[in-house]
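# Chains, contacts and geometry: an overview
Listed below, chain by chain, are the residues.
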Amino acid sequence: MNVRTGTDRMPLVLAIETSCDETAVALVQGPHVLASEIASQIELHRPYGGVVPELASRNHNLTLPPLVRLLLDRAGVGPQHLEAVAATAGPGLASSLLIGNTFGKALSLALGCPFFAVNHLEGHLLSPCLGRIGSVPPSAALVVSGGHTLLVDVRGAGDYRLLGSTRDDAAGEAFDKVAKMLGLPYPGGPVIDRLAREGNPAAYALPRSMIGSGDFQFSFSGLKTAVHYLLPKIPPPMEGHLPDICASFQEAVIEVLVAKTMAAARATGRKLVTVSGGVSCNGRLRQSMTAACERAGLDLWLCSPGYGTDNAAMIGFVAATRLAAGRSGDPLEGDIDPNLRLESWAG
Ligand code: KG4
Ligand code: ZN
């Protein structure tokens, strides 16, 4: 068993994440991830071009118990060693959230240990801190996932100020919808990322929506519509033009994300920028953000790619920060909330 012992010993947390289409479990101690397992449902939903909620929840119900068993066996940890259980409470698909949340509550009740209901967005937000010792530092944080695009002023663990979000589609949603238009498989983000590497980002002029709006709001639906109107003008066969279309679309998203994140760092005076969520796996975004932070003299913590898309380690880490702040857990009577917003709990 690789559980950490000694003076820096932190409580052992079992974390569960089932907000959408990944069944994920992890064992964490503070920022250290001892073990993490993710059972992806991507193949299950691919024929439908998106997530089918009922299929997702039924699959979580089948997959979660044996996945927890596998996690504990691989780590050499017995249920009696667990000191807290954490599960995502929202936002996400109600029927999917209920599976992990109910399982987590039942486990905590059986073991007599605290239960933490964790906000999925806070999980993404703090995921760049995984593996880093010390308290959560202040930062200007960009969260870019399939469901959300947020800019947050992080003052410390549990102390957040939302600077802006998207008015319509999330960045990842825009990648997925444009990929669908192009006849590419779900999820579209990684496929566009790969194709764009061979393309010219200046091949097609696409809008940088709200780049000059002077606030921290985003909008990606106009860009999606611009791609929709571009496609009939492209001479067949489409295949040969895909790299240029993907690179041009991707650049339009990334330019706005980078420009607004830099503006957020300037406005808040933060010297650290963090980027998390599934879209943070994007190679070009990582490259552009790195270059922009270097130019501005800012530190950059990019979420490690293994923890960019949905995972349970980030959920366990949020619980660990609350334990470190002296919190004793959440009531088992608490409900899930599919529309849960990012809220501060410090103070
Ligand atoms: O964080 P996540 O797993 O789920 C949500 O909480 O929404 O993010 C999934 C999203 C999908 O939209 C997917 O297309 C996108 O992240 N994504 C990417 C890349 N990898 C995943 N988008 C662009 N480039 C990538 N390499
Ligand atoms: Zn997510």
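Structural data are supplied above this passage.
Sequence order sets the numbering: in each chain, residues are counted from 1 along the sequence as written. All chains are assigned letters beginning with A, and all ligands numbers beginning with 1, in the order in which they are written. Whole-chain, interface and lining totals are the exception, using all residues; otherwise, since this is a predicted model, local features are given only for residues with pLDDT of at least 70 and side-chain atom pairs are given and counted only at 80 or more. Each side-chain value is worked out from all heavy atoms of the structure, with water and hydrogens disregarded.

### Thoughts on the pairing of strand β6 (residues 139-144)
Where burial is concerned, most of β6 is hidden: 6 out of the 6 residues are buried. Relative accessible area decides the class of each residue, using a 1.4 Å probe on protein chains only: under 20% of the type maximum gives buried, over 50% gives exposed, and in between gives partly exposed. What counts as a helix is a DSSP run of H or I of at least four residues, what counts as a strand is a run of E of at least two, and both are numbered from the N terminus. On β6, burial covers both faces: Ser139, Ala141 and Val143 on one face and Ala140, Leu142 and Val144 on the other are all buried. Strand pairing is defined by DSSP finding a minimum of two bridges between the two strands. By the bridge criterion, 6 bridges tie β6 to strand β7 (residues 149-156) in an arrangement that is antiparallel. Each bridged residue has a counterpart across the sheet, and for alanine 141 the counterpart in β7 is valine 152.

### Notes on the side chain of histidine 45
Within the element layout of this structure, histidine 45 appears in helix α1 (residues 42-45). For histidine 45, a relative accessible area of 0% puts it in the buried group. Polar contact is the term for a pair of N or O atoms within 3.5 Å; when the atoms are in protein, one must be able to donate a hydrogen and the other to accept it, and sequence-neighboring residues count only if both atoms are side-chain atoms. A polar contact of 3.1 Å, which involves the side chain of histidine 45, links it to the backbone nitrogen of valine 52.

### What to know about the nonpolar core
Here, nonpolar core refers to any group of buried Ala, Val, Leu, Ile, Met, Phe, Trp, Tyr and Cys residues whose side-chain atoms link them within 4.5 Å. In terms of nonpolar packing, the biggest core is built from 47 residues, with Phe249, Leu257 and Leu285 touching the most fellow members. Only β6, α5 (171-181), α6 (188-196), α7 (221-230), α8 (242-268), β9 (272-276) and α9 (283-296) provide two or more residues apiece to this core. For this core, the element with the highest residue contribution is α8, accounting for 14 residues. One finds Val118, Phe317, Ala319 and Trp345 within the second-largest nonpolar core, a separate group that totals 32 residues.

### Topic: the coordination of the zinc ion (ligand 2)
Around the zinc ion (ligand 2), the protein contributes the donor atoms His120 (NE2), His124 (NE2) and Asp310 (OD), which lie 2.0 to 2.1 Å from the metal centre. Only nitrogen, oxygen and sulfur atoms count as donors, using a 2.8 Å cut-off from the metal that widens to 3.2 Å for Na, K and Ca. Water is left out, so coordination shells may look unfilled. Irregular is the default label, applied whenever a site is not tetrahedral (four donors, all angles between 85 and 135 degrees) and neither square planar nor octahedral (four or six donors, opposite donors over 155 degrees apart, all other angles between 65 and 115). Taken together, the 4 donor atoms surrounding the zinc ion (ligand 2) define angles of 95 to 134 degrees at the centre, an arrangement classified as tetrahedral. For the zinc ion (ligand 2), all donor residues lie on one chain, and their spacing in sequence is H-x3-H-x185-D. Of the two residues, histidine 120 and histidine 124 both sit in helix α4 (residues 120-126), 4 residues apart, roughly one turn of that helix. Accessibility classification places histidine 120 together with histidine 124 in one group, the buried group.

### Things to note about the packing of α5 against α8
Throughout, an axis means a line fitted to C-alpha atoms (over the contacting stretch in the case of helices), and angles, computed between N-to-C directions, take values from 0 to 180 degrees. Two elements in contact, α5 and α8, have axes whose closest approach is 11 Å; the angle formed by their N-to-C orientations is 175 degrees. The angle between α5 and α8 falls in the class roughly antiparallel. Here α5 contributes Ala171, Ala174, Phe175 and Val178 to the contact with α8, which in turn contributes Phe249, Gln250, Val253 and Leu257. In what follows, roughly perpendicular refers to angles from 65 to 115 degrees, roughly parallel to angles under 35, roughly antiparallel to angles over 145, and oblique to any angle outside these ranges. For this analysis, residues touch if any pair of their heavy atoms sits within 4.5 Å.

### Re the site of ligand 1
Lining the immediate surroundings of ligand 1 are 19 residues, of which Gly146, Gly147, Asp176, Asp193 and Asp310 lie closest. Here an oxygen atom of ligand 1 sits 2.6 Å away from a polar atom, N or O, in the side chain of aspartate 176. One of the side-chain N or O atoms of aspartate 193 is found 2.9 Å from a nitrogen atom in ligand 1. Residue assignment for the shell around ligand 1 shows that the elements contributing at least two residues are α4, α5 and α6. For this scheme, ten residues count as nonpolar: Ala, Val, Leu, Ile, Met, Phe, Trp, Tyr, Cys and Pro. Four count as charged, namely Asp, Glu, Lys and Arg, and the remainder, Gly too, count as polar. A per-class count over the shell around ligand 1 returns 5 nonpolar, 11 polar and 3 charged. Summary of the distance rule: residues count as near a molecule or strand when at least one heavy atom falls within 4 Å of that molecule or strand.

### Structural notes on the sheet that holds β6
Across the sheet, 5 strands lie side by side as β8-β7-β6-β9-β10; this open sheet has mixed pairing. The sheet is open, and its two edges are formed by β8 (159-165) and β10 (299-302), each paired on a single side. Sheet twist, expressed as the average angle between the axes of neighbouring strands with direction ignored, equals 20 degrees. The sheet contact formed by β6 and β9 spans 4 bridges and is parallel. Along β9, the bridge assignment pairs alanine 141 with threonine 274. Together, β6, β7, β8 and β9 form the strand contacts of α8, whose direction differs from that of β6 by roughly 155 degrees.

### Some points on the sheet that holds strand β4 (residues 84-90)
The strand order β3-β2-β1-β4-β5 describes an open sheet built from 5 strands, whose pairing is mixed. Where the open sheet ends on each side, the last strands, each with one partner, are β3 (32-40) and β5 (115-119). Strand-to-strand, the axes of this sheet are offset by a mean angle of 20 degrees, without reference to chain direction. Where strand β1 (residues 12-17) meets strand β2 (residues 22-29), 6 bridges bridge the pair, whose relative direction is antiparallel. Counterpart to isoleucine 16 in the pairing with β2 is valine 25. Where helix α3 (residues 94-111) meets the sheet, it contacts β1, β4 and β5, and its direction lies at approximately 155 degrees from that of β4.

### A few points about α7
Those residues of α7 lying buried are Leu223, Lys224, Val227 and Leu230. Seen along its axis, α7 keeps its buried residues to an arc of 120 degrees; they face one direction. Contacts made by the buried residues of α7 are with α5 and α8. Regarding the arc, it is the one traced by the directions from the helix axis to the C-beta atoms.

### Structural notes on the pattern of salt bridges
A pairing counts as a salt bridge when a side-chain nitrogen of Lys or Arg comes within 4 Å of a carboxyl oxygen of Asp or Glu. Counted by the stated rule, this structure contains 14 salt bridges. Glutamate 37 serves as the salt-bridge partner of arginine 74, at 3.0 Å between the closest nitrogen and oxygen. Here arginine 74 is found in helix α2 (residues 53-75), whereas its partner glutamate 37 is found in strand β3, with 37 residues between them in sequence. Residue arginine 74 is classed as exposed on the basis of its relative accessible area, which comes to 59%. Taking the shortest distance from any N to any O, the salt bridge between lysine 177 and aspartate 169 comes out at 3.2 Å. A residue is classified by how much of its surface remains accessible, and aspartate 169, at 7% relative accessible area, is buried. The network of salt bridges with shared partners includes Asp169, Glu173, Lys177 and Lys224.

None of the figures reported here should be taken as evidence of function without further support.
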